Amino acid sequence: MENQRSRLSKIMLKNALVELLETKPINKITVYELCRSAQINRSTFYKYYGEPHDVLNEIINELLEETAKIVKTENDELSRLNAILTYLRNHRETVIRIIANMNEQKLISHIYGVPMLHENLYNLLENSEASIEKEYVKVFYHYGSFAIIRAWLNNGCIESPQEMTQIISSIK
């Protein structure tokens, strides 16, 4: 179990990383500058992480865990999608910086690798008429919905999560 000091150190490192990602890519961020930005000792950093990528991976895993929790609490696919979009809008800056610093295919695999999200996608496509091509339709839907969400986030989330839910769910 983590103590309060450990949690605070990790939070400070994560916040510092997200700030640094605004100006440079993850592969250009050094442990030294991350620690300086977080006002954390390097030895404290190495107590928890090996490199800045480890901090980024922990942030990604936490975001995925939160979205998985959201999916579990909602009753149907559309309300799940709406809740996830609301969560992404509320964490827009962090999500944009993560997307910009990850291999897109790896990120999509992470997102749709969460069993509840994968099941949600499958249920949304259940009524698809393209039963033979269903696997291709799922790939198209994965990448297409990801591209729509990324564009929505990059454009400042002008449309509401409800409007985006309708747009994404209408693509079948």
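Here is a short report on the structure shown in this document. (Residues numbered from 1 in each chain as written. Predicted model: local features only at pLDDT ≥ 70, side-chain atom pairs only at ≥ 80, totals over all residues. Heavy atoms only, no water.)

Moving on: the overall build of the protein chain. Each helix and strand counted, the protein chain has 10 helices and zero strands in total. Ordered by position in the sequence, the α and β elements of the protein chain form the string α-α-α-α-α-α-α-α-α-α. In the protein chain, buried positions account for 42% of the 172 residues. In the protein chain, once contacts between residues fewer than 6 apart in sequence are set aside, the share between residues at least 24 apart is 61%. Carbon together with sulfur atoms contributes 50% to the accessible area of the protein chain, which is approximately 10,000 Å² in total. (Helix = DSSP H or I, 4+ residues; strand = E, 2+ residues; numbered from the N terminus. Buried < 20%, exposed > 50% of the residue type's maximum accessible area, 1.4 Å probe, protein only. Contact = heavy atoms within 4.5 Å. Areas by Shrake-Rupley, 256 points an atom, 1.4 Å probe, with all protein chains shown as cover.)

Let's shift gears to the packing of helix H1 (residues 4–20) against helix H2 (residues 31–38). The contact between H1 and H2 brings their axes to 8 Å, and the two run at 110°. Accordingly, the angle class assigned to the pair H1 and H2 is roughly perpendicular. Note that H1 runs across H2; the crossing there is right-handed. Only Glu 33, Leu 34, Ser 37 and Ala 38 of H2 make contact with H1, whose side of the interface consists of Met 12, Leu 13, Ala 16, Leu 17 and Leu 20. Class assignment for the residues of the contact of H1 with H2 results in seven nonpolar, one polar and one charged. (Axes fitted to C-alpha atoms, helices over the stretch in contact; angles between N-to-C directions. Parallel < 35°, antiparallel > 145°, perpendicular 65-115°, else oblique. Left-handed = near helix turned anticlockwise from the far one by under 90°. Nonpolar A, V, L, I, M, F, W, Y, C, P; charged D, E, K, R; others polar.)

A few words now on the packing of aromatic side chains. Think of a pair of aromatic rings as described by two things: how far the centres are apart, and how the planes are tilted against each other in angle. This model, assessed by the stated rule, comprises three aromatic pairs. Geometrically, the ring pair formed by Phe 45 and Tyr 46 is edge-to-face, given 5.2 Å between the ring centres and 85° between the ring planes. We classify Phe 45 as buried; its relative accessible area is 0%. Accessibility expressed as a relative area gives 43% for Tyr 46, which makes it partly exposed. An angle of 65° between the planes, with centres 6.4 Å apart, marks the rings of Tyr 48 and Tyr 49 as edge-to-face. Looking at Tyr 48, the relative accessible area reads 22%, which means it is partly exposed. Take Tyr 49: its relative accessible area is 4%, and that puts it in the buried class. (Phe/Tyr/Trp six-rings, centres within 6.5 Å; stacked < 30°, edge-to-face > 60°.)

In this fold, Lys 14 is placed in helix H1. With residues up to four places along the chain from it excluded, the contact list for Lys 14 reads Tyr 49, Val 55, Glu 58, Ile 59 and Glu 62.

Before going further, it helps to examine the nonpolar core. In this structure, Leu 17, Leu 34, Phe 45, Leu 56 and Leu 153 are the most contacted members of the largest nonpolar core, which totals 44 residues. Only H1, H2, helix H4 (52–73), helix H5 (77–90), helix H6 (92–100), helix H7 (104–113), helix H9 (134–154) and helix H10 (161–169) provide two or more residues apiece to this core. No other element matches the eight residues that H4 contributes to this core. Setting aside anything within four residues of it in sequence, one finds Phe 45 in contact with Leu 13, Val 31, Leu 34, Cys 35, Ile 40, Gly 50, Glu 51, Pro 52 and Val 55. (Core = buried A, V, L, I, M, F, W, Y, C linked by side-chain atoms within 4.5 Å.)

Structurally, the position occupied by Ile 59 is in helix H4. When the C-alpha atoms of Ile 59 and Val 18 are compared, they prove to be 9.2 Å apart, with 41 residues separating the residues in sequence. The residues touching Ile 59, leaving out its near neighbours within four places in the chain, are Lys 14, Leu 17, Val 18, Thr 94 and Ile 98.

With that settled, the discussion passes to the environment of Leu 85. Along the chain, Leu 85 falls in helix H5. For Leu 85, a relative accessible area of 0% gives the class buried. For the pair Leu 85 and Met 164, spaced 79 residues apart in the sequence, the C-alpha separation amounts to 7.7 Å. Not counting residues up to four positions away in its chain, the partners in contact with Leu 85 are Ile 149, Trp 152, Pro 161, Met 164, Thr 165 and Ile 168.

Turning our eyes to something else, we now look at the pattern of salt bridges. Scanning the model with the defined rule gives seven salt bridges in all. A salt bridge links Glu 22 to Arg 97, with the shortest nitrogen-to-oxygen separation between them at 3.1 Å. Residue Glu 22 is found in the loop between H1 and H2, and its partner Arg 97 is found in helix H6; the two are separated by 75 residues along the sequence. We note a salt bridge from Glu 33 to Lys 24, for which the minimum N-O separation is 3.1 Å. (Salt bridge = Lys/Arg side-chain N within 4 Å of Asp/Glu carboxyl O.)

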